[in-house]
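# Architecture at a glance
Here are the chains, one letter per residue:
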Amino acid sequence: QVQLVESGGGLVQAGGSLRLVCAAPGSIFRFSVMGWYRQAPGKERELAATITSGGITNVADSVKGRFTISRDNPKNTVYLQMNSLRPEDTGVYYCNAKVSSTINKWGQGTQVTVSS
């Protein structure tokens, strides 16, 4: 079973920063569009940012200018640098590997809590 291992969540004050890290098996990482999604309490899961194997990024308007996604292909790792955090950024953040149109892999999620 493919495992995506996330780390880096935690509690931070508004205006602070966190960096999320997701490690994936090399067998899927190199071919996948990697992404971070988030789910706030009582809300649906939503896209934060994605990055292709070639480094093309897509960032949600709600986090544009504050969040940066990047990937280290030799390390099979994707990062989400989150700056200027707001209370509305609170939620569970999930790493995603879109291997193909029909194959999606998810991590277990990491909690991010931003206090006001």
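Here's what I pulled together on the structure shown here. (Residues numbered from 1 in each chain as written. Predicted model: local features only at pLDDT ≥ 70, side-chain atom pairs only at ≥ 80, totals over all residues. Heavy atoms only, no water.)

## As for the overall build of the protein chain
Of regular secondary structure, the protein chain possesses 1 helix and 11 strands. Starting at the N terminus and walking to the C terminus, you meet the elements of the protein chain as β-β-β-α-β-β-β-β-β-β-β-β. Taking 116 residues into account, the globule formula puts the C-alpha radius of gyration at 13 Å, and the protein chain, at 13 Å, falls close to it. Along the longest, intermediate and shortest principal axes, the C-alpha atoms of the protein chain span 40 × 25 × 20 Å. Scored against the burial criterion, the 116 residues of the protein chain give a buried share of 41%. For the protein chain, long-range pairs separated by at least 24 residues make up 52% of all intrachain contacts whose partners lie at least 6 apart in sequence. As presented, the protein chain carries roughly 6,200 Å² of accessible surface, and 49% of it is formed by carbon and sulfur atoms. (Helix = DSSP H or I, 4+ residues; strand = E, 2+ residues; numbered from the N terminus. Rg over C-alpha atoms; globule rule 2.2 N^0.38 Å. Buried < 20%, exposed > 50% of the residue type's maximum accessible area, 1.4 Å probe, protein only. Contact = heavy atoms within 4.5 Å. Areas by Shrake-Rupley, 256 points an atom, 1.4 Å probe, with all protein chains shown as cover.)

## A few points about unusual backbone geometry
If you check the backbone angles, N76 has positive phi at about 55° while not being a glycine. By secondary structure assignment, the location of N76 is in the loop between β7 (67-72) and β8 (77-82). Phi at S84 takes a positive value of approximately 50°, unusual for a residue other than glycine. With respect to the helices and strands, the residue S84 is situated in the loop between β8 and β9 (91-98). The class of S84 is partly exposed, set by a relative accessible area of 41%.

## Looking at the sheet that holds β8
Read across the open sheet, the 4 strands follow the order β1-β3-β8-β7; overall the sheet is antiparallel. Of all strands in the sheet, those bounded by a partner on one side alone are β1 (5-7) and β7. Pairs of neighbouring strands in the sheet enclose a mean axial angle of 15°, with direction left out of account. Here 6 bridges tie strand β3 (residues 18-23) to β8, and the two strands are oriented antiparallel to one another. Bridge assignment links L20 to a residue of β8, and that residue is L80. (Pairing = 2+ DSSP bridges. Axes fitted to C-alpha atoms, helices over the stretch in contact; angles between N-to-C directions.)

## Re the environment of N76
It is 8.5 Å that separates the C-alpha atoms of N76 and C22, two residues lying 54 residues apart in sequence. For N76, the residues in contact, after removing those within four places along its chain, are C22, A23, A24, G26 and F29.

## What about the packing of aromatic side chains?
Per the stated rule, a full pass over the model turns up 2 aromatic pairs. A ring pair is formed by Y94 and W106, whose centres lie 6.5 Å apart and whose planes are at 90°; its orientation type is edge-to-face. Here W106 lies in strand β10 (residues 104-106) and Y94 lies in strand β9, a separation of 12 residues in the sequence. In this structure an aromatic cluster arises from ring pairing among Y37, Y94 and W106. Directly above the ring of Y94 sits R45, whose terminal nitrogen or CZ lies 3.7 Å from the centroid. Directly above the aromatic system of W106 lies the positively charged group of R45, at a separation of 4.6 Å from the ring centroid. (Phe/Tyr/Trp six-rings, centres within 6.5 Å; stacked < 30°, edge-to-face > 60°. Lys NZ or Arg CZ within 6 Å of the ring centre and 35° of its normal.)

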